[in-house]
Amino acid sequence: MNSLANLLHVLFAVIWVGGMFFAYVILRPVAASTLEAPERLMLWRRVLAKFFVWVWKSVVIVLLTGYWLGFGLFSTMGDWPTHVHVMHGLGLIMAGVFLAVYFAPFRHLREAVDTQDWTRAGSALATVRKLVAVNLVLGIIVVVVASGGRLGMLG
């Protein structure tokens, strides 16, 4: 069962962090350079709506499998290796940032696009973009910590 938990944990972490990387590094600059504001904002409203369905799944699965593995491999949190504590803490922060994005600026983006308030939509998207950048950096750190920790590089 730990193998299944590990598989799901890694798979959904890759979906979440990889999706943010694609959106921020690939899609964002192309959309900004080729689409006018209304089309760009409508694109982001739709892309994020679909992506966030997967992020919801990822948050739940990554946290549940993380606890499954943590408590399945070690008796208590106190026995967790340093890299597991770092992953746990950063994962909780990432989940919190996602919740903040979803329930505030993304909600404003949806409402503004749906009412064609392009100025408000642009402002909301800028906030989403900044918070996704924060989560992307945190996600990359988690990947580095997970990889290095498993190899004994973090103590």
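Asker: I keep staring at the nonpolar core and nothing clicks. Help me out?
Answerer: In globular proteins that are soluble, nonpolar side chains generally tend to be buried together. Grouped together as the largest cluster of nonpolar side chains are 36 residues, with contacts concentrated most on Trp16, Met20, Leu48, Phe52 and Leu109. Among the elements of the structure, helix 1 (2-34), helix 2 (37-73), helix 3 (82-103), helix 4 (105-114) and helix 5 (118-150) are those that each provide at least two residues to this core. The element that contributes the greatest number of residues to this core is helix 5, accounting for 10 residues. Those residues in contact with Leu48, other than ones at most four positions away along the chain, are Phe106, Leu109, Leu125 and Val128.

Asker: Explain the packing of aromatic side chains to me, please; I cannot follow it from the model alone.
Answerer: Geometrically, a pair of aromatic rings is defined through the distance of the ring centres and the angle of the planes. Using the criterion set out here, one finds 13 aromatic pairs in the structure. Centroid distance Trp56 to Phe103: 5.9 Å. Interplanar angle 70°. Geometry classified as edge-to-face. In this pair, Trp56 sits in helix 2 while Phe103 sits in helix 3, placing the two residues 47 residues apart along the sequence. Note on Trp56: relative accessible area 29%, which makes it partly exposed. For the ring pair Phe98 and Tyr102, a centre distance of 5.9 Å and an interplane angle of 45° mean the geometry is tilted. Within this pair, Phe98 and its partner Tyr102 are both found in helix 3, separated by 4 residues, close to a single helical turn. The class of Phe98 is buried, set by a relative accessible area of 3%.

Asker: Can you help me understand the confidence of the model for the protein chain in this one?
Answerer: As a note on interpretation, predicted positions should not be read in detail where pLDDT is low. Averaged over every residue, the pLDDT of the protein chain is 96; the share at 70 or more is 97%. Taking the mean pLDDT of every element in the protein chain, the minimum, 96, falls on helix 5 and the maximum, 98, on helix 4.

Asker: In this structure, what is going on with helix 3? I would like to understand it.
Answerer: Side chains that are three or four residues apart share a direction in an α-helix, a result of its 3.6 residues per turn. Taking 1.5 Å per residue as the helical rise, helix 3 with its 22 residues ought to reach 32 Å, and the 32 Å between its terminal C-alpha atoms agrees with that figure. Its buried side turned inward, helix 3 meets helix 1, helix 2, helix 4 and helix 5.

Asker: When you look at the pattern of salt bridges in this model, what are you seeing that I'm missing?
Answerer: As a working rule, side chains carrying opposite charge can pair if their charged atoms are close by. What the rule picks out here adds up to 3 salt bridges. For the salt bridge of Glu111 with Arg107, the shortest nitrogen-to-oxygen distance reads 3.1 Å. Of this pair, Glu111 and Arg107 are both found in helix 4, 4 residues apart, which corresponds to roughly one turn of the helix. By relative accessible area, which is 32% here, Glu111 ends up partly exposed. Judged by relative accessible area, which is 33%, Arg107 ranks as partly exposed. One salt bridge in this structure joins Arg120 and Glu111, with 3.0 Å as the shortest N-O distance. Judged by relative accessible area, Arg120 falls into the partly exposed class, the value being 30%. Each of the salt bridges in this network shares a partner with another, and the network as a whole consists of Arg107, Glu111 and Arg120.

How each quantity is defined
Residues numbered from 1 in each chain as written. Predicted model: local features only at pLDDT ≥ 70, side-chain atom pairs only at ≥ 80, totals over all residues. Heavy atoms only, no water. Core = buried A, V, L, I, M, F, W, Y, C linked by side-chain atoms within 4.5 Å. Buried < 20%, exposed > 50% of the residue type's maximum accessible area, 1.4 Å probe, protein only. Helix = DSSP H or I, 4+ residues; strand = E, 2+ residues; numbered from the N terminus. Contact = heavy atoms within 4.5 Å. Phe/Tyr/Trp six-rings, centres within 6.5 Å; stacked < 30°, edge-to-face > 60°. pLDDT = per-residue confidence, 0-100. Expected span 1.5 Å × (residues − 1). Salt bridge = Lys/Arg side-chain N within 4 Å of Asp/Glu carboxyl O.

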